[in-house]
Every structure is written in structure tokens, then in C-alpha cells.
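Okay, here's what each chain looks like letter by letter:
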Amino acid sequence: MNIGTEIQKRRTFAIISHPDAGKTTLTEKLLLYGGAVQLAGSVTARKNQRASTSDWMELERKRGISVSSTVLQFDYNGYRINLLDTPGHKDFSEDTYRVLTAVDSVIMVIDAGKGIETQTRKLFEVCRQRGVPIFTFMNKCDRPTREPLALLDELEKVLGIGAFPVNWPIGNGPDFKGVFDRRAKQVHLFERTVGGKFRAPVSTGDFSDSFIRERVDEATYHKVAEELGMLDSAGESFDEEKVLAGKVTPVFFGSGVNNFGVHLLLDGFLKHSPPPRPHHANGTVIPPEQDAFSGFIFKIQANMDPKHRDRIAFMRVCSGRFERDMMVTHSRSAKKVRLSSSHKLFANERETVDEAFPGDIIGLVGHAEFGIGDTLTTDASIVYKEIPRFTPETFSYIHNPNTAKYKQFRQGLDQLLQEGVIQVLHLKDTASKIPLLAAVGPLQFEVVQYRLESEYGAPSRLEQAPWTVVRWLPGLKEPDLDALSLPTGSRLAFDIKENAVILFPNEWSANYFAQTNPKISMASLPVED
């Protein structure tokens with residue numbers, strides 16, 4: 001099998017958005033149109049409807065939010081698609097940012113009634129820093145929306161990116177009838193299906209066709225004609241190179257819940273998005289077609305299959321060809337490892353995979369030594385530094401109220417810590433062995449509690465800690481720590497690798513300590529070895 005051909009077939013992308021913009025619903029509909037599922041679920045579906053495929057965790061289905069990244073791999077129209085659905089809530093941004101290191105492009109979902117929201121802006125910035133091409137879907141056009149031209153203007157001004165509308169909405173809210181494909185010069189008028197569970201029937205034709213005039217009122221028809229004329233004369237032009245450089249975003253309008261415009265988005269995205277791109281390792285560019293196999297771990301998930309209490313490491317293949325049972329070097333330990341239990345993933349469903357190519361996401365089971373950011377390769381000189389680290393902003397003690405469940409509590413907490421979403425600290429000079437959890441956002445603690453009980457049968461109790469800022473002290477050892485004079489309310493602690501940290505009650509205390517101790521180096525993250 002030709003590796004170059006396989007690389008060109010791959011599309012690896014994530015969907016990003018502010019919470020409630022319709023990201024997970026759109027994911028479901030892309031699966032429906034991609035032929036991966038026969039019946040689309042909605043996150044907020046009624047009980048007699050199926051739950052969404054991408055939200056595999058019971059907590060996600062109850063809350064109607066995504067709290068973990070999900071890999072969905074399927075074939076469509078000659079492409080091998082690796083779709084990563086990510087959490088939208090800011091408390092889970094660390095998981096989302098890590099996923100963005102493993103993709104070659106993103107689809108950004110915007111609620112057309114609200115425009116660009118806070119989390120969308122943050123995620124966009126991460127994509128821009130990495131030079132990731134961005135495709136935009138203006139969602140919920142079946143509800144009252146802002147003027148399409150105003151949405152484009154906001155996209156360009158707030159995000160500082162050119163916007164090229166690939167299609168244009170016909171009607172607004174309940175009167176949203178379809179879209180005009182500007183490149184193909186065709187109108188697509190849609191019909192609703194019950195609950196949006198099936199593909200939307202569509203009629204196509206020229207803008208001047210009689211059936212268009214029959215279904216679209218006169219005022220809407222003339223308004224759309226006028227707007228299209230303005231776009232043709234003054235709008236951004238479609239430039240493939242600028243799209244791939246992340247300087248122009250192709251914009252699609254539609255309604256994920258009703259399946260309006262989803263097919264056009266999927267086909268347009270696959271046509272114009274990039275295949276797997278080169279990665280950098282030790283200052284060297286590693287092209288995907290390089291003979292040596294290499295990849296990196298960007299996510300670890302415990303208990304995707306609760307029956308087996310297993311742990312799965314998600315690996316992005318960057319170069320060469322993966323074969324099951326191959327021997328690779330594990331970068332952090334420099335040891336040789338056999339990759340025998342490899343899986344293709346579809347949410348929590350698995351299928352053994354014998355080979356994979358750059359762009360593919362593989363699940364590796366049964367390797368407790370693998371950590372987030374580790375490189376696996378047949379060429380030991382390749383070491384990727386792809387994964388960003390984040391500073392915790394919220395802290396809580398987690399108590400085990402049931403001594404009879406101590407073993408389950410410790411085992412569960414240890415496994416969940418390996419996922420790298422929360423950290424554990426222990427205070428210096430304290431007899432208490434109660435774990436102090438640290439995370440980017442407090443909702444992470446709720447997920448830990450829920451999973452401890454549902455997956456390990458271990459109830460827990462949270463107690464909020466009084467600190468909001470943590471700083472690492474690189475190079476300082478026990479004698480040096482004892483000599484420190486800390487601000488009121490601050491405490492010394494150690495992370496899981498015995499690196500010293502100071503916990504401060506607020507930013508002012510941290511700044512005061514830095515000013516009064518100019519010779520002491522502080523860092524917002526542990527210094528890597």
C-alpha cells in the first residue's frame with residue numbers, strides 16, 4: 001500500500017466552539033452524512049431518542065455537555081476521517097488544547113444568534129498560534145440570527161481573519177429555507193425531518209428557477225440577491241493558500257439540528273482542508289512520508305470500557321507506517337516497547353487495527369508507563385514536544401468518607417490522575433495524607449467525584465482549599481525551603497514528582513513574595529527535565 005496515497009486520504013480535525021453553540025450536535029450530523037451512523041442523536045434528546053454517539057460517558061449524557069474528548073474514525077467518499085469532538089466548557093480547556101496539537105485543521109462552530117463568544121475566541125487564538133486552518137460553521141440559522149453580513153464583519157474584526165462565505169443563507173429563523181452555494185452557483189432548499197434524525201431532503205437549482213421563487217417570499221429573494229451582489233463586488237476572494245495558512249476562513253451557514261447545510265459543510269471541508277502535515281522534533285521537520293514511524297500521546301483515558309478497568313492512550317501517528325506488534329522506542333524511558341494492543345476508535349467502541357498511517361489516531365491499551373506528551377518511534381532521535389502545559393487555578397481536598405472503600409478510592413484516584421487533567425499536591429510539614437487536587441476549573445473535580453463513584457464504587461467528599469495561585473520553585477530543596485518567609489495564608493507543598501511549590505491565596509500574595517524575594521526563581525509550571 002502506497003504511503004503517499006494513504007496520507008492524502010487522511011483528514012484529522014477537531015470541532016471547537018463556545019458551550020451550547022451546537023458542537024456535539026454537529027458532530028452527530030457529520031457522522032450521519034458520513035454514513036457512520038444511521039440515526040443521529042442529539043445531546044438534549046428526549047429519553048425515547050438515542051443519546052449522542054460522541055458523548056460516551058454517562059455524566060455527559062445526563063448533563064448534556066461534553067466533558068472529555070472523543071475520537072471518531074470513519075471512511076467517507078474516499079477519505080479516512082479522524083474526527084475529535086472536544087469539550088466546549090472552559091473548565092475542560094486543557095483537554096481541548098491538547099487535542100488541538102493532534103489535528104491538522106478545525107471546524108469552528110458559531111451560534112449565528114450570538115456571534116463570537118469568549119471560549120471561541122480563546123480556542124481560535126490557540127489555533128492561530130499553531131497555524132491550524134479554520135473552517136467556520138454559522139449554526140442555528142433556523143432560529144432568529146444576527147444579520148449574516150454583521151456576522152462576517154465580526155469574524156474579521158474580532159478574530160482578525162479574512163472570511164469567505166462559501167454559501168449564503170436564504171431566510172432567517174423559522175423562514176430559513178436553505179443556502180446559495182456561491183462557488184457552484186446553486187441554491188439548496190431543505191425540508192425538515194422529524195427531530196433531525198434523518199438526512200434532510202434537498203432541492204437544488206439556479207437562483208432564478210421558478211421553484212425557488214415559489215418557496216421563497218419576494219422580500220427575502222431580493223435581499224439575498226442584493227447581499228450576493230455585495231459579496232461578489234467587495235467581499236474576500238477564495239484563496240486556497242490563505243485558507244491553508246489560517247489567514248482566511250471559509251464560512252458555511254446552516255442548522256445542525258435540522259441537518260440544513262451539513263452535507264455542504266462536510267464535502268467543502270474535505271475538499272479544501274489539508275492532509276496530514278509535517279511535525280517538528282528537535283528543530284528538525286519530520287515529513288509524514290518519512291520511513292521511520294513516529295507518533296505522540298496526546299490523551300489518556302481510564303475506563304472507557306468499565307468491564308475491563310483498562311487505560312487507553314491516544315496516539316497521533318505523525319510519520320511512517322504503524323503495524324501492530326511493532327517494536328518502538330518510548331522516548332521518556334528510552335526503553336523498547338511492543339505495541340500489540342492497538343485499536344481503531346469510534347467513541348467507546350473499539351476495533352483492532354493492524355496498520356495505520358500519518359493522521360490516524362490509535363488507541364493503545366495496557367501501557368501504564370505511557371504519559372501525555374510521550375513520543376513512540378522507531379527512530380530514537382525523534383522526540384516531539386507538542387503538548388502544552390497549563391497552570392491550575394482551583395484547588396480542593398478530596399476526602400474518602402468510607403474507610404471500607406479505601407482501596408477503590410486510591411486505585412480510582414491514581415488511574416484518573418494518569419489522565420493528566422487534574423494534578424495532586426501534598427502539603428509540606430503536615431501529618432494529613434488527604435490529597436489536594438489542582439485543576440484548571442472546578443468542574444473537573446465534579447467529574448472526578450462522579451467517576452470515582454460510578455466507575456470504582458468509591459464515594460468522596462470535596463473540601464475547597466483557600467488557594468488560587470500556585471508557583472513552582474525550580475532547584476530549591478528542603479534546607480532552602482525551610483528558610484523561606486511566606487506571606488500570610490500561603491503554604492509550601494510538593495507535586496507528584498516531589499517538585500516544590502508555593503500555594504498563594506491570591507495573585508497579590510504571589511507578586512508580593514516575588515518582589516521581596518528577587519533571587520528566588522518561580523515558575524507557573526514545573527520545569528521539564
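These numbers were taken from a predicted model, which means no experiment stands behind them. (Residues numbered from 1 in each chain as written. Predicted model: local features only at pLDDT ≥ 70, side-chain atom pairs only at ≥ 80, totals over all residues. Heavy atoms only, no water.)

Thoughts on the environment of Ile297
What counts, and what does not: A run of H or I in DSSP counts as a helix once it spans at least four residues, and a run of E counts as a strand once it spans at least two, with each numbered from the N terminus. Only protein chains enter the accessibility calculation, which uses a 1.4 Å probe; a residue whose area is less than 20% of its type maximum is buried, one above 50% is exposed, and one in between is partly exposed. Contact definition: two residues touch when any of their heavy atoms are within 4.5 Å.
Tracing the chain through its elements places Ile297 in strand E14 (residues 294–302). Taking the relative accessible area as the measure of exposure, Ile297 reaches 0% and is therefore buried. For Ile297 and Ile361, which are 64 residues apart along the polypeptide, the C-alpha to C-alpha distance reads 9.6 Å. Non-local contacts of Ile297, meaning those with residues more than four positions away in its chain, are made with Ala313, Phe314, Met315, Leu364, Phe370, Gly371, Ile372, Gly373, Asp374, Leu376 and Ile387.

A word on the packing of aromatic side chains
Aromatic ring pairs are described here by two measures, namely the spacing of the ring centres and the angle between the planes. Put simply, the rule is: Any pair of Phe, Tyr and Trp rings, taking the six-membered ring for Trp, is counted once the centres come within 6.5 Å. Such a pair is stacked with planes under 30 degrees apart, edge-to-face with planes over 60 apart, and tilted for the rest. Only Lys NZ and Arg CZ are tested; either one counts as a charge over a ring when it is within 6 Å of the ring centre and within 35 degrees of the ring normal.
Taken as a whole and assessed by the stated rule, the structure comprises 14 aromatic pairs. An angle of 50 degrees between the planes, with centres 6.3 Å apart, marks the rings of Phe298 and Phe314 as tilted. Pair noted here: Phe298 is in strand E14 and Phe314 is in strand E15 (residues 311–319), with a separation of 16 residues, a long-range link. Seen from their ring centres, Phe504 and Phe513 are 5.8 Å apart, and the 50 degrees between their planes marks the pair as tilted. Residue Phe504 is classed as buried on the basis of its relative accessible area of 0%. For Phe513, a relative accessible area of 1% corresponds to the buried category. An aromatic cluster of three or more residues is present, and its members are Phe13, Phe135 and Phe269. Lying across the ring of Phe238, Arg183 places its NZ or CZ 4.1 Å from the centre.

Observations regarding the pattern of salt bridges
Test applied: Salt-bridge detection follows one rule: a side-chain nitrogen of Lys or Arg within 4 Å of a carboxyl oxygen of Asp or Glu.
According to the stated counting rule, one finds 22 salt bridges in the structure shown. A salt bridge links Glu154 to Arg146; the shortest N-O distance between them is 3.3 Å. With a shortest N-O distance of 2.8 Å, Arg324 and Asp354 are connected by a salt bridge. Remark: Asp354 occurs in the loop between strand E20 (349–352) and strand E21 (355–356) and Arg324 occurs in the loop between strand E16 (322–323) and strand E17 (326–330); sequence separation between them is 30 residues.

Considering the pairing of strand E5 (residues 134–139)
Cut-off, in case you're wondering: For two strands to be treated as a pair, DSSP must find at least two bridges joining them. Clockwise travel from the first strand over the helix to the second, with the strands pointing away from the viewer, marks a crossover as right-handed.
Of all 6 residues that make up E5, 6 are buried, and the element is covered over most of its length. Residue alternation in E5 divides its side chains into two sets, Ile134, Thr136 and Met138 and Phe135, Phe137 and Asn139, and both sets are buried. Strand direction decides the pairing type here: strand E4 (residues 105–111) and E5, joined by 6 bridges, are parallel. Its bridge partner being in E5, Val109 is matched across the sheet by Phe137. Chirality of the crossover, the property in question, places the unit of E4, helix H5 (residues 118–130) and E5 among those that are right-handed. Where E5 meets strand E11 (residues 248–253), 3 bridges bridge the pair, whose relative direction is parallel. Paired with Thr136 across the strands is Val251, a residue of E11.

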